[in-house]
Amino acid sequence: MLDTLTGKAKSRVWLTAALLLLGLVLLPFLVEASLGKSWVRIIDLALLYIMLALGLNIVVGYAGLLDLGYVAFYAVGAYCWALLASPQFGLNLPFWIILPAGAAIAALFGVLLGTPTLRLRGDYLAIVTLGFGEIIRIFINNLNAPINITNGPQGITLIEPMSIFGFSLGKTQDVLGLTLSSPHLYYYLFLLCVALVVFVCVRLENSRIGRAWVAIREDEMAAAAAGINTRNIKLLAFAMGATFGGLSGGLFASFQGFVSPESFNLMESIMILSMIVLGGMGNIPGVILGAILVTVIPEALRYTGDLQRVLFGQVYIDPADLRMLLFGIALVMMMLFRPAGLLPSKQRKREFAEDAA
């Protein structure tokens, strides 16, 4: 009987996985048919933010290190791609050199950030990481004199799209009889990268390193007394999170074709942090859900202008202002009624239940 139930359970798991995979494959076509081509690009950006949120989740959710400068690693990866795949330096290196290089340089910056902050916790760590993110942005913004490297506030244009062995993702391509536009092609690339990042995060979460991160988050002194090398483990958390940030930055630059310092301001770090807090800090499905909601909801709220015309005959509040107001109210309500997030981990849900009791 148990074997039969186990077999049925396995069949349901495989069926669910197959349906989920089919839905993800068809998603850009369904979205384009119902909402328009612009929403396919929004889905692409949502996948990028999922990678960013999963990277920050390692630092904040697993290791408990509050990082408000995470967007700096995103900028490092983006500018690495922009400088090596644009007319800025006259280089057009292949993706298999640029993408790993951007991730590796971002990891190095993560270690450089982590090294002087090992003794800091809480608010002090948040302030230092915030300053680091602003330093990187201002540095990029002013690195156009005396030698023009980043083109300053004007940004870098004419960035080459991703090209895999001559197959360019920046152009419409015919694949297996289907005509796929650039947003569709990038969607499948980003989806593959998200799957890879999720796999790595799951393996890390269930590994000895993941348990060491959680131990540091719960009680660093007790973790050190138990024999955990807190210094190296915390540096590894910064490096791993920064690696995913650099990877996402490189993909963003190839997808967008343009980067500027304004794309990497403090608000971006706050939004990424909001994703993991809203979804469920430390829980991979929750982080994914949070990233999707924080990316999609503000875009959906752009239609509040049309809704006002239908209800009142004219627009009373500018949609750009109203959507952020409603989004902010939604976040406040979430923190009041679901402080652990939409899909919290079992441990975090238990901790909040104990605090409430």
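So, how was this worked out
Residues numbered from 1 in each chain as written. Predicted model: local features only at pLDDT ≥ 70, side-chain atom pairs only at ≥ 80, totals over all residues. Heavy atoms only, no water. Helix = DSSP H or I, 4+ residues; strand = E, 2+ residues; numbered from the N terminus. Buried < 20%, exposed > 50% of the residue type's maximum accessible area, 1.4 Å probe, protein only. Patch = residues over 30% accessible without salt bridge, like charges linked within 9 Å, V, L, I, M, F, W, Y side chains within 5 Å. Areas by Shrake-Rupley, 256 points an atom, 1.4 Å probe, with all protein chains shown as cover. Salt bridge = Lys/Arg side-chain N within 4 Å of Asp/Glu carboxyl O. Contact = heavy atoms within 4.5 Å. Axes fitted to C-alpha atoms, helices over the stretch in contact; angles between N-to-C directions. Parallel < 35°, antiparallel > 145°, perpendicular 65-115°, else oblique. Left-handed = near helix turned anticlockwise from the far one by under 90°. Nonpolar A, V, L, I, M, F, W, Y, C, P; charged D, E, K, R; others polar. Core = buried A, V, L, I, M, F, W, Y, C linked by side-chain atoms within 4.5 Å. Expected span 1.5 Å × (residues − 1). Arc of directions from axis to C-beta.

A. How the structure looks around the environment of glycine 102. With respect to the element layout, glycine 102 can be found in helix α4 (residues 95-114). On the basis of relative accessible area, glycine 102 is assigned to the buried category, the value being 1%. Considering only alpha carbons, one finds glycine 102 and leucine 247, 145 residues apart in sequence, at a separation of 6.5 Å.

B. The arrangement of unusual backbone geometry in detail. In this chain, alanine 145 is followed by proline 146 through a cis amide linkage whose omega measures 0°. Within the secondary structure layout, proline 146 lies in the loop between α5 (122-141) and β3 (163-164).

C. Broad picture of a nonpolar patch on the surface. Side chains of Leu325, Leu326, Ile329, Val332, Met333, Leu336 and Phe337 sit close together on the surface and give an oily, nonpolar patch of about 690 Å² of accessible area. Within the element layout of this structure, leucine 336 appears in helix α13 (residues 319-337).

D. A look at the pattern of salt bridges. Applying the stated rule across the entire model yields 6 salt bridges. Note that glutamate 220 and arginine 121 form a salt bridge whose closest N and O atoms lie 3.3 Å from each other. Taken together, the residues span a long stretch of sequence, with glutamate 220 in helix α8 (residues 220-225) and arginine 121 in the loop between α4 and α5 at a distance of 99 residues. Its relative accessible area of 49% is what places arginine 121 among the partly exposed residues. Note that glutamate 220 is salt-bridged to lysine 234, the shortest N-O span being 3.2 Å. Residue glutamate 220 is located in helix α8, and its partner lysine 234 is located in helix α9 (residues 230-256); the two are separated by 14 residues in the primary sequence.

E. Examining the side chain of threonine 150 more closely. Note on placement: threonine 150 falls in the loop between α5 and β3. Looking at threonine 150, the relative accessible area reads 4%, which means it is buried. Apart from residues lying up to four places away in sequence, threonine 150 is in contact with Tyr79, Gln88, Ile140, Leu143, Asn144, Gly155 and Ile156.

F. Seen up close, the packing of helix α2 (residues 38-62) against α9. Orientation of α2 relative to α9, taken along the N-to-C sense of each, is 165°, at an axis distance of 7 Å. What the angle tells us is that α2 and α9 run roughly antiparallel. When the axes of α2 and α9 are compared, the crossing they make is left-handed. When α2 is examined against α9, the residues Arg41, Asp44, Leu45, Leu48, Met51, Leu52, Gly55, Ile58 and Val59 are found in contact with a partner set consisting of Ala237, Phe238, Met240, Gly241, Phe244, Gly245, Leu247, Ser248, Leu251, Phe252, Phe255 and Gln256. In terms of residue class, the contact of α2 with α9 is built from 14 nonpolar, 5 polar and 2 charged.

G. Structural context of the nonpolar core. Within the largest apolar cluster, 92 residues are counted, with the highest numbers of intra-cluster contacts made by Trp81, Met162, Leu251, Val259 and Phe264. Sort the elements by how many residues they give to this core and α2 lands first, with 17 residues. The contact partners of methionine 162, leaving out residues within four places of it in the chain, are Trp81, Phe95, Leu99, Phe167, Ser168, Leu169, Gly170, Tyr186, Leu189, Leu251 and Ser254.

H. Structural view of α4. Between the first and last C-alpha of α4 there are 28 Å, a value that for 20 residues agrees with the 28 Å anticipated at 1.5 Å per step. What α4 keeps buried is the set Phe95, Ile98, Leu99, Gly102, Ala103, Ala106, Ala107, Gly110, Leu113 and Gly114. Seen from one end, α4 has its buried residues packed into an arc of 165°, which puts them on one side. Exposed positions of α4 whose direction lies more than 90 degrees from the buried face are Trp96 and Leu112.

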